[in-house]
Amino acid sequence: MFEGFDAVVLARAQFAFTMSFHIVFPAFSVGLASYLAVLEALWLWTGREVYINLFNYWLKIFAVAFGMGVVSGIVMSYQFGTNWSAFADKTGPVIGPLMAYEVLTAFFLEAGFLGVMLFGLERVGHRLHFVATLMVATGTLISAFWILSANSWMQTPAGYAVNADGQFIAADWLKVIFNPSFPYRLVHMVLAAYLTTALVVGAVGAFHLLRDQHLAGPRVMFSMAMWMAALVAPIQIVAGDQHGLNTLEHQPTKIMAMEGHFDSHPDGAPLILFGLPDMDAGKVKYALEVPRLGSLILKHSLDAPLNGLDTVPRENWPPVPVTFWAFRIMVGLGFLIFALGLFSLLARYIGTLYQSRLLHLFAAAMGPAGLIAVLAGWFTTETGRQPFTVYGLLRTAESASPLAAPAVGSSLAAFAIVYFAVFTAGVVYLLRLMAQPPHPGEQGPSSSLPARAAGITPAVEGVMR
């Protein structure tokens, strides 16, 4: 049934599909792991029961989200060997070690302490348990470091050489790891993870406050989430601006697609707010634009010239409509998050943070906004890099495995069926956990494992006595 399709397009669709499911779980887990560390630290510092109740409440949610992220990530690694073997062969000497470093430094750290974090609160001592929580939170950040380093190298390759077999090899590992776009991507993604978690936590708190304004747990979680939105959203806007300037320097074609600039503007480029990009016609139809504002944002001068896609060979154009609209979704949601933070500051100032139904409805509606913004940002990044897997050096068409379209299409269909079944069940379970408010004496994840793995069991010991 897939005979008429392009195998490369199907392989790209399969990777995009699995990545779209995967990326939201690490983004949520990175922020939630740090949030759990803060909650446990506050509990140890203040002794207030509300913090340990919230810790145990969100720990159960973290366990499920973390597991779903691991499962969905493992599948993606296999696709490098099945659908993208040419890419794996040519970039393996660079990408392979970076992925191995992530496993050795981050995944082992997370795996080593995760069990203690989930089940060891009353078994290893509170301070040692807090160390385990810190190690898991640190592991998620280290994981983000290496994954973003690998992806950033594909966006802005540096420190490499090409051997006799046409493979990319590392000539300078520091330049490979700390490639030109990596610092900007790392900051932007980590902040996005924290905001994503804050919005989910804030939405859950707002949902329960709409039912009962006097619940201690939802009040605390909502207040903490709104502080994060108010403080981090403006920082994220600045970080995004700096990331955009870095992209203009190293990936100008991506910026042209993001801004919808088909034509060059020697006397100042407009900011196109909305429109319908038409790649065949080479213009944005029905464009709503602000004259010269694009040059002001990108080059901090109203009259600064900006090149357009008319300076780029058409075969090197990215898919402009996807990049254009994904970027606007991300930016639009970013400003809505900023507005939520400002609204919460106003409500906090006038003393209605826990009573304002309008604020609570706004926060509840914004719950999935961070996840959607992360997806939109990823689509902007990855589609804007096309038609290359390694920007300017290795084309996507040259990276795919020599597979027939039916083989790729059938696996894509199988993934779609399994993913929708499994992950829908997982998300429904997460929503069911969130639908119940944290209670006094909230318990963390339960384990059915015996308290003793060896020796005389309590039952036998009792009989012997």
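Please read these numbers as outputs of a predicted model, since none were measured by experiment.

As defined by bridge partners, strand β3 (residues 271–278) adjoins strand β4 (residues 283–290) across six bridges and the pair is classed as antiparallel. Bridging across to β4, L271 finds its partner in V290. In this antiparallel pair of consecutive strands, β3 and β4, the connection spans four residues, and G282 shows a positive phi of 70°.

For the rest of this paragraph, the subject is the pattern of salt bridges. Two side chains of opposite charge can pair, provided their charged atoms sit close to one another. By the definition in use, this model includes three salt bridges. Among the salt bridges present, the one from D278 reaches K285, with a minimum N-O distance of 2.9 Å. A salt bridge links E382 to R385, with the nearest nitrogen and oxygen atoms 2.9 Å apart. Placement of the pair is E382 and R385 together in helix α12 (residues 369–385), with a separation of three residues, close to one helical turn. Take E382 and R385: they sit in the same class, and that class is buried.

As a rule of thumb, soluble globular proteins bury nonpolar side chains together. One finds W58, I61 and F62 to be the most contacted residues of the largest nonpolar core, which totals 94 residues. Among the elements that make up this core, the one with the highest residue count is helix α1 (residues 7–46) (20 residues). With residues near it in sequence (within four places) discarded, W58 still touches F28, L32, Y35, L36, L39, V200, V201, V204, M221 and M434. Within the second largest apolar cluster, 10 residues are counted, among which are F262, V284, W317 and F324.

Among the structural elements, H129 can be located in helix α4 (residues 126–155). H129 gets classed as buried once you look at its relative accessible area, which sits at 0%. Engagement of the side chain of H129 in a polar contact is seen with the backbone oxygen of M117, the distance being 2.8 Å. Once you skip the residues sitting within four places of it in the chain, H129 turns out to touch E40, F55, V116, M117, G120, L121 and V124.

So, on to the environment of P277. Checked against the element boundaries, P277 lands in strand β3. Residues P277 and P440, 163 residues apart in the sequence, show an inter-C-alpha distance of 54 Å. Beyond its immediate sequence surroundings of up to four residues, P277 is in contact with F262, K283, V284, V320, P321, F324 and W325.

Another point: the packing of aromatic side chains. Considering all chains together, one arrives at 28 aromatic pairs under this definition. Ring geometry for F388 and Y391: centres 6.1 Å apart, planes at 70°, overall edge-to-face. On the accessibility criterion, F388 (11% relative accessible area) is buried. On the basis of relative accessibility, which here comes to 17%, the residue Y391 falls in the buried class. Cluster of aromatic residues (ring-pair linked, three or more members): F17, F21, F25, F415, Y419, F420 and F423.

In contact at an axis separation of 8 Å, helix α6 (residues 182–211) and α12 are set at 155° when each is read in the N-to-C sense. When the axes of α6 and α12 are compared, the pair comes out roughly antiparallel. Every residue of α12 that contacts α6 at R185, M189, A192, T196 and L199 is listed here: A369, G370, L371, V374 and T381. Broken down by class, the residue content of the contact of α6 with α12 amounts to six nonpolar, three polar and one charged.

On average, the chain scores 88 in pLDDT, and the residues at 70 or more come to 95%. Within the chain, helix α14 (residues 458–464) has the poorest average pLDDT of any element, 39, and helix α11 (residues 357–365) the best, 95. Segment residues 449–465: pLDDT under 50, and three contacts once partners within four positions in sequence are set aside and those in other chains are kept.

Attention now goes to the environment of L59. Relative to the elements of secondary structure, L59 occurs in helix α2 (residues 49–82). Overall, L59 belongs to the buried group, its relative accessible area being 1%. Expressed as a C-alpha distance, the spacing of L59 and Y35, which sit 24 residues apart in the sequence, is 9.9 Å. Contacts of L59, omitting those with residues within four sequence positions, involve L36, M117, L118 and P445.

Cis geometry is adopted by the peptide bond preceding P387, which originates at Q386 and carries an omega value of 10°. Looking at the element boundaries, P387 is found in the loop between α12 and β5 (388–390). Residues other than glycine seldom take positive phi values, yet Y286 does so here, at roughly 55°. As for its position among the elements, Y286 is in strand β4. Even without being a glycine, R292 presents a positive backbone phi close to 65°. Counting through the fold element by element, R292 comes out in the loop between β4 and α9 (293–299). On the basis of relative accessible area, R292 is assigned to the partly exposed category, the value being 39%.

We now examine α1. End to end, α1 covers 59 Å across 40 residues, agreeing with the expected 58 Å (1.5 Å per residue, within 8%). Along its length, α1 reaches its greatest deviation from straightness, about 25°, at S20. Here α1 lies mainly inside the structure; 29 of its 40 residues are buried. Capping the start of α1 is the job of one residue whose side-chain oxygen sits 2.8 Å from the backbone nitrogen of V8: D6. One or two steps after α1, the chain reaches G47, where phi turns positive at roughly 75°.

Our focus in this paragraph is a nonpolar patch on the surface. Residues L273, F274, L276, Y286, L288, V290 and W325 make up a contiguous nonpolar surface patch of roughly 690 Å² in combined accessible area. For F274, the location among the structural elements is in strand β3. For F274, a relative accessible area of 44% corresponds to the partly exposed category.

Quick notes on the rules
- Residues numbered from 1 in each chain as written.
- Predicted model: local features only at pLDDT ≥ 70, side-chain atom pairs only at ≥ 80, totals over all residues.
- Heavy atoms only, no water.
- Pairing = 2+ DSSP bridges.
- Helix = DSSP H or I, 4+ residues; strand = E, 2+ residues; numbered from the N terminus.
- Salt bridge = Lys/Arg side-chain N within 4 Å of Asp/Glu carboxyl O.
- Buried < 20%, exposed > 50% of the residue type's maximum accessible area, 1.4 Å probe, protein only.
- Core = buried A, V, L, I, M, F, W, Y, C linked by side-chain atoms within 4.5 Å.
- Contact = heavy atoms within 4.5 Å.
- Polar contact = N/O pair within 3.5 Å; in protein donor to acceptor, adjacent residues only side chain to side chain.
- Phe/Tyr/Trp six-rings, centres within 6.5 Å; stacked < 30°, edge-to-face > 60°.
- Axes fitted to C-alpha atoms, helices over the stretch in contact; angles between N-to-C directions.
- Parallel < 35°, antiparallel > 145°, perpendicular 65-115°, else oblique.
- Nonpolar A, V, L, I, M, F, W, Y, C, P; charged D, E, K, R; others polar.
- pLDDT = per-residue confidence, 0-100.
- Expected span 1.5 Å × (residues − 1).
- Bend = angle between axes of the 7 residues up to and from the residue.
- Patch = residues over 30% accessible without salt bridge, like charges linked within 9 Å, V, L, I, M, F, W, Y side chains within 5 Å.
- Areas by Shrake-Rupley, 256 points an atom, 1.4 Å probe, with all protein chains shown as cover.

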